[in-house]
Amino acid sequence: MYLYLNADPRDDLGGMDVARKALILARLLGRRLNLDNMKIESLYPEEMGPDVMPLEDFLVTGLPLLDKKIEDRIKQASANGNVLRYVCLIDDARCEVGIQEVPKDSALGRLRGSDNVVEIYSRCYEKQPLVIQGAGAGNDTTAAGVLADILDIQDLFP
């Protein structure tokens, strides 16, 4: 299995990467939110944060300390017939990001590699969501996203 992380993995492990994506989606849905309005579950404590612990120390000593806690959560999820996924939930009342147990056979449970999945529940998709899945990391994906942003920006300037 390959894991794509940002230069400082705390950006991912702290939930900020998912939170930023969630914020974009929430704003596209018309929610007037900022990151401060969101509940974000971090996988590391504040004392391991970038302002407190240097990156090298986090990589060498911090990460191994986190392994036991997440291993316990993985075992519990497996005992329940589930898997853990870092999930963003957006609805009328909230926008939150964190680890959730999901069924192994769900779209999120079947997720592999660096793919992202969006499940849309609506009046028409109340019981079974509309699922959109695709690459979420890698050079080609990032380049395509940057190009799309540049093309969008050019529309702002006549």
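An unreviewed UniProt entry lists the protein chain under the name Homoserine dehydrogenase catalytic domain-containing protein, from Datura stramonium.

*Asks:* What is the right way to look at the nonpolar core in this model?
*Replies:* Generally speaking, nonpolar side chains in soluble globular proteins are found buried as a group. In this structure, A19, A22, L23, A26, L33, M38, C95 and V97 together form the largest nonpolar core, which totals eight residues. Elements with a contribution of two residues or more to this core: α2 (16-28) and β3 (95-103). No other element matches the four residues that α2 contributes to this core. In this structure M38 touches A19, A22, L23, C95 and V97, once residues within four positions along its chain are discounted. Counting seven residues, the second largest nonpolar core, distinct from the first, contains V83, V87, L108 and L111.

*Asks:* What is the right way to look at the side chain of N82 in this model?
*Replies:* Along the chain, the position of N82 falls in strand β2 (residues 82-90). Look at N82 and you get buried, because its relative accessible area is 18%. Separated by 2.9 Å, the side chains of N82 and E101 make a polar contact. Discounting chain neighbours no more than four positions away, the residues touching N82 are A77, E101, V102, P103 and K104.

*Asks:* Explain the packing of aromatic side chains to me, please; I cannot follow it from the model alone.
*Replies:* The geometry of an aromatic ring pair is captured by two quantities: the separation of the ring centres and the angle between the planes. All chains considered together, the criterion is met by one aromatic pair. Measuring from ring centre to ring centre gives 5.8 Å for Y44 and F58, while their planes differ by 70°; the resulting arrangement is edge-to-face. With Y44 in the loop between β1 (39-40) and α3 (55-79) and F58 in helix α3, the pair connects residues that are 14 residues apart, well separated along the chain. Residue Y44 shares its accessibility class with F58, and that shared class is buried. Above the face of the F58 ring, R10 is positioned so that its terminal group lies 4.8 Å from the ring centre.

*Asks:* Sorry if this is basic, but what is going on with the pattern of salt bridges here?
*Replies:* A side chain of one charge can pair with a side chain of the opposite charge when the charged atoms of the two come close. Scanning the model with the defined rule gives nine salt bridges in all. Measuring nitrogen to oxygen at the nearest pair gives 2.9 Å for the salt bridge that ties K68 to D72. Note that K68 and D72 are positioned in helix α3 at a spacing of four residues, about one turn of the helix. In this structure, D91 engages R94 in a salt bridge whose closest nitrogen and oxygen atoms are separated by 3.0 Å. Using a relative accessible area of 26% as the deciding quantity, one classes D91 as partly exposed. Residue class for R94 comes out partly exposed when judged on its relative accessible area of 40%. When salt bridges with common partners are traced through the structure, they connect D91, R94 and E96 into a single cluster.

Scoring rules and cut-offs
Residues numbered from 1 in each chain as written. Predicted model: local features only at pLDDT ≥ 70, side-chain atom pairs only at ≥ 80, totals over all residues. Heavy atoms only, no water. Core = buried A, V, L, I, M, F, W, Y, C linked by side-chain atoms within 4.5 Å. Buried < 20%, exposed > 50% of the residue type's maximum accessible area, 1.4 Å probe, protein only. Helix = DSSP H or I, 4+ residues; strand = E, 2+ residues; numbered from the N terminus. Contact = heavy atoms within 4.5 Å. Polar contact = N/O pair within 3.5 Å; in protein donor to acceptor, adjacent residues only side chain to side chain. Phe/Tyr/Trp six-rings, centres within 6.5 Å; stacked < 30°, edge-to-face > 60°. Lys NZ or Arg CZ within 6 Å of the ring centre and 35° of its normal. Salt bridge = Lys/Arg side-chain N within 4 Å of Asp/Glu carboxyl O.

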